[in-house]
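Residue-level structural notes
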Amino acid sequence: MDPPVDLNVVKQDILVGMVECEKRCLMQCTKWLAELNHGLSEVTVELRGNTALQNVHGGIEDSEYDSYLLAKSYFLVREYDRSAYFTRNCVSPVPKFLHLYATYMSKEKKRLDNMTDSSVVSSVSHAKDFSELLSILRTEHSQQSLDGYCLYLYGVILKKLDLTDIAVRVFVEAINAEPTLWSAWLELAPLVNDKRMLESLKLPNHWMKSIFEGYTYIELFQNDEGIKIFEHLQKNGFSKCIFIPTLLAIAYSNKRDVDRSIDIFQHLQSVDPYRLDNLDSYSNLLFVKDMKTEMSHLAHKVVEINKYSPETCCVVGNYYSIRSDHYKAVMYFQRALKLNPRYLSAWTLMGHEFMEMKNTNAAIQSYRQAVEVNKRDFRAWYGLGQAYEILKMTFYSLYYYKAAQQLRPYDSRMLVALGETYEKLNKVADALKCYQKAYNVGDIEGVALYSMAKLYEKQGETEKAIPAFLKFCSDEKLIADKASLCHAYMTLGNYYEKIEDLDKASYFAYKCLDYEEMKREAESLLKSIANKRAHTKATTSATAATQPPGTAKASEEGKPDGNVATDTYGGEDMEMDETNLSKRIDSALAEEDPGSNEMAESSGIHEFHMEDTYDVNE
């Protein structure tokens, strides 16, 4: 994991990689390396006389140089067919790669241009487009005549055709041949399914490996692992490389530390004010925090920088979404997809907008395409679950919620959704397990306990429901859904009235008087409690009258003053003290909920053991 301390070697590798990528027109990789290099601007490397850096013409035969220059100029202005044509007979490594790459880009551009419907992003049906190129690369690969750059191109085509296992092997070969080719690392990352697979890859012991591992951990939502790696890199000289804090911001966003993530993005904006990369993620955070003013400033700024980039269209789409102008939001997300049909954020966000517009079928189509682009997009799987839930197709909904929960096993929202679906299918035991686990991992929305208590209540297991209701009510200020809180209070009031604990019953009944929808029921309960108290008092008085005077007095001295509780819970002086409230709930919890794992033991639910390790902070 540790990068080499010699940053001179790192910078030398970056500069050489930039030269090689630039020669082959791999402009995105060149840009990424240049940004990394700029972050190491304090590290000095001798440029004059450095043979590695002077090797601008390496890999190009003298006889092919003129054809290469012409082909390169055509490639840079996106005339891919002309570029491929003028390098068709070249055999030296650089022009040969440029010929293959220009051929690939030509096929890809035509495929995208000919798309009559931008909602189709699958490449499998276009295998014939790449068949000739694939045949050439496969033959040369079997003869071991491909260099690292051609191996990368071969891997890209295999990945497009969903030949994943072969693609992984080829990308690993490419990375071992050219460790500074970031594009190959980037293509490999989405194919890594889990931590075990990542550790089993035979990657070179190179400083780029640390960046790749950190990036992949964040892709796998193992954010603490990724943060640990990138913080270590920052301490070892990479602190000014803009790519590192960007990924840290995404990791904190995944961990729901939204404020910290926003702070990092705002810092990046001040360092590089015209950067558009990952601004869609920043706008998502502003949307979550409902920061309309900041969103407006960001939208106007990106439009000034580049009106027709996918990132700009996505930010503007979020701007209209926060203003609840869903039609315009969809229009901008569609515009982003015209510019880049494989732009994941736009597909997912457009699905959300269609859900807001009650257009469930269009939402399903958008989410499906998001999954087609990236099968690890849990938001798309979750969106599909919600869409099918609206359509009352519960088994479909269960399938998609399960997929989302497997991607985010410790996200309580997925677990609650899964529990509600199991409940609809009358799988009570599974539903209870989901609610219990959602509570154990940190219930974001604060509904797991209430759902569990309601399910127990529905099953007629009131004794198990009461501890859950008590815990749910223990901090009423954090509960957004006041109707649920009111129902919990009323249930507790009725329960304690039934078991003759009139003080607690009166307390919870008085809490319900604050809610108009339960006011009459609460008044009825209070009247019933008052009648029971009057009856108890009359019975006590009658008993005292039949006893000898000395006995009654002795008996009264041995009992606590009954009026104390009545004064606390009843009458017009009902001013509930917060401290008293919390003490009473604690005491109720202690009675109903003994033991270290109170919830699981008192309710009769076994602790839902988790199979995998996970971040407690996630």
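Before reading on, note that the structure itself is shown above.
Note that this is a predicted model, so its numbers are computed, not measured.

**A short note on the overall build of the protein**
Helices and strands together make up the secondary structure of the protein, namely 34 helices and zero strands. In the protein, buried positions account for 50% of the 618 residues. A separation threshold of at least 6 residues defines the contact pool for the protein, and within that pool the share at least 24 residues apart is 58%. Carbon and sulfur atoms make up 50% of the accessible area of the protein, which totals about 30,800 Å².

**Here we look at the nonpolar core**
Side chains that are nonpolar tend, in soluble globular proteins, to be buried together. In terms of nonpolar packing, the biggest core is built from 191 residues, with Leu-26, Trp-182, Leu-188, Ile-211 and Phe-238 touching the most fellow members. Element by element, the count of residues in this core is highest for helix 8 (residues 148–160), at nine residues.

**Remarks on the pattern of salt bridges**
Evaluated as defined, the whole model comprises 20 salt bridges. The salt bridge involving Lys-96 is made with Glu-140; its shortest N-O contact spans 2.6 Å. Linking Lys-96 in helix 6 (residues 93–113) with Glu-140 in helix 7 (residues 127–142), this pair joins segments that are 44 residues apart in sequence. One salt-bridge network, held together by shared partners, links Glu-20, Lys-23, Arg-24 and Asp-147.

**Some points on the packing of helix 16 (residues 279–288) against helix 18 (residues 310–322)**
Put simply, helix 16 and helix 18 touch, their axes get as near as 9 Å, and they point 10 degrees apart. The pairing of helix 16 with helix 18 is recorded here as roughly parallel in orientation. Each of Leu-279, Asp-280, Ser-283, Asn-284, Leu-286 and Phe-287 in helix 16 lies in contact with helix 18, whose residues at this interface are Cys-314, Val-315, Asn-318, Ser-321 and Ile-322.

**Some remarks on the packing of aromatic side chains**
Aromatic ring pairs are reported here in terms of the distance separating the ring centres and the angle at which the planes meet. For the structure shown, the criterion picks out 30 aromatic pairs. Ring centres 4.3 Å apart and planes at 10 degrees place the aromatic pair Trp-32 and Trp-182 in the stacked group. One end of the pair, Trp-32, is in helix 2 (residues 27–39); the other, Trp-182, is in helix 10 (residues 182–188), with 150 residues separating them in the sequence. With a centroid separation of 5.4 Å and an interplanar angle of 25 degrees, the aromatic rings of Phe-97 and Tyr-101 are classed as stacked. Taken as a pair, Phe-97 and Tyr-101 lie in helix 6 at a separation of four residues, close to a single helical turn. For Phe-97, a relative accessible area of 0% corresponds to the buried category. With a relative accessible area of 12%, Tyr-101 lands in the buried category. Each member of the aromatic cluster is reached from another via a ring pair, and the members are Phe-75, Tyr-80, Phe-97, Tyr-101 and Tyr-149. When the ring centre of Tyr-149 is taken as reference, the NZ or CZ atom of Arg-24 above it lies at 4.0 Å. The cationic tip of Arg-408 hangs over the ring face of Phe-221; the distance from NZ or CZ to the ring centre is 4.8 Å.

**A look at helix 4 (residues 65–76)**
The end-to-end C-alpha separation of helix 4 is 16 Å, in line with the 16 Å expected for 12 residues at 1.5 Å each. Residues Tyr-68, Ala-71, Lys-72, Tyr-74 and Phe-75 constitute the buried set of helix 4. What you see down the axis of helix 4 is that its buried residues fit within an arc of 160 degrees, all on one side. The inward-facing, buried residues of helix 4 abut helix 1 (7–23), helix 5 (80–86) and helix 6. In the stretch just after helix 4, Arg-78 is the one whose phi turns positive, near 65 degrees.

**A closer look at the environment of Phe-469**
On the secondary structure map, Phe-469 appears in helix 27 (residues 462–473). Residues Phe-469 and Leu-492, spaced 23 residues apart in sequence, show a C-alpha to C-alpha distance of 7.4 Å. With residues near it in sequence (within four places) discarded, Phe-469 still touches Tyr-450, Ala-453, Lys-454, Glu-457, His-487, Ala-488, Thr-491 and Leu-492.

**So, the environment of Asn-37**
By the element assignment, Asn-37 lies in helix 2. Residue class for Asn-37 comes out buried when judged on its relative accessible area of 16%. Remark: the alpha-carbon pair of Asn-37 and Val-10, spanning 27 residues in sequence, is separated by 9.0 Å.

**Considering empty space enclosed by the protein**
Per the counting criterion, the structure on display carries two cavities of 30 Å³ or more. A volume near 50 Å³ is recorded for the largest cavity. When residues in the lining of the largest cavity are grouped by element, the largest group, three residues, is from helix 15 (residues 258–271).

So, how was this worked out
- Residues numbered from 1 in each chain as written.
- Predicted model: local features only at pLDDT ≥ 70, side-chain atom pairs only at ≥ 80, totals over all residues.
- Heavy atoms only, no water.
- Helix = DSSP H or I, 4+ residues; strand = E, 2+ residues; numbered from the N terminus.
- Buried < 20%, exposed > 50% of the residue type's maximum accessible area, 1.4 Å probe, protein only.
- Contact = heavy atoms within 4.5 Å.
- Areas by Shrake-Rupley, 256 points an atom, 1.4 Å probe, with all protein chains shown as cover.
- Core = buried A, V, L, I, M, F, W, Y, C linked by side-chain atoms within 4.5 Å.
- Salt bridge = Lys/Arg side-chain N within 4 Å of Asp/Glu carboxyl O.
- Axes fitted to C-alpha atoms, helices over the stretch in contact; angles between N-to-C directions.
- Parallel < 35°, antiparallel > 145°, perpendicular 65-115°, else oblique.
- Phe/Tyr/Trp six-rings, centres within 6.5 Å; stacked < 30°, edge-to-face > 60°.
- Lys NZ or Arg CZ within 6 Å of the ring centre and 35° of its normal.
- Expected span 1.5 Å × (residues − 1).
- Arc of directions from axis to C-beta.
- 1 Å grid on protein atoms, 1.4 Å probe; cavity = no way out; pocket = protein on both sides within 12 Å on 5 of 7 lines; lining within 4 Å.
- Points joined across faces, edges and corners; volume = space filled by probe spheres on them.

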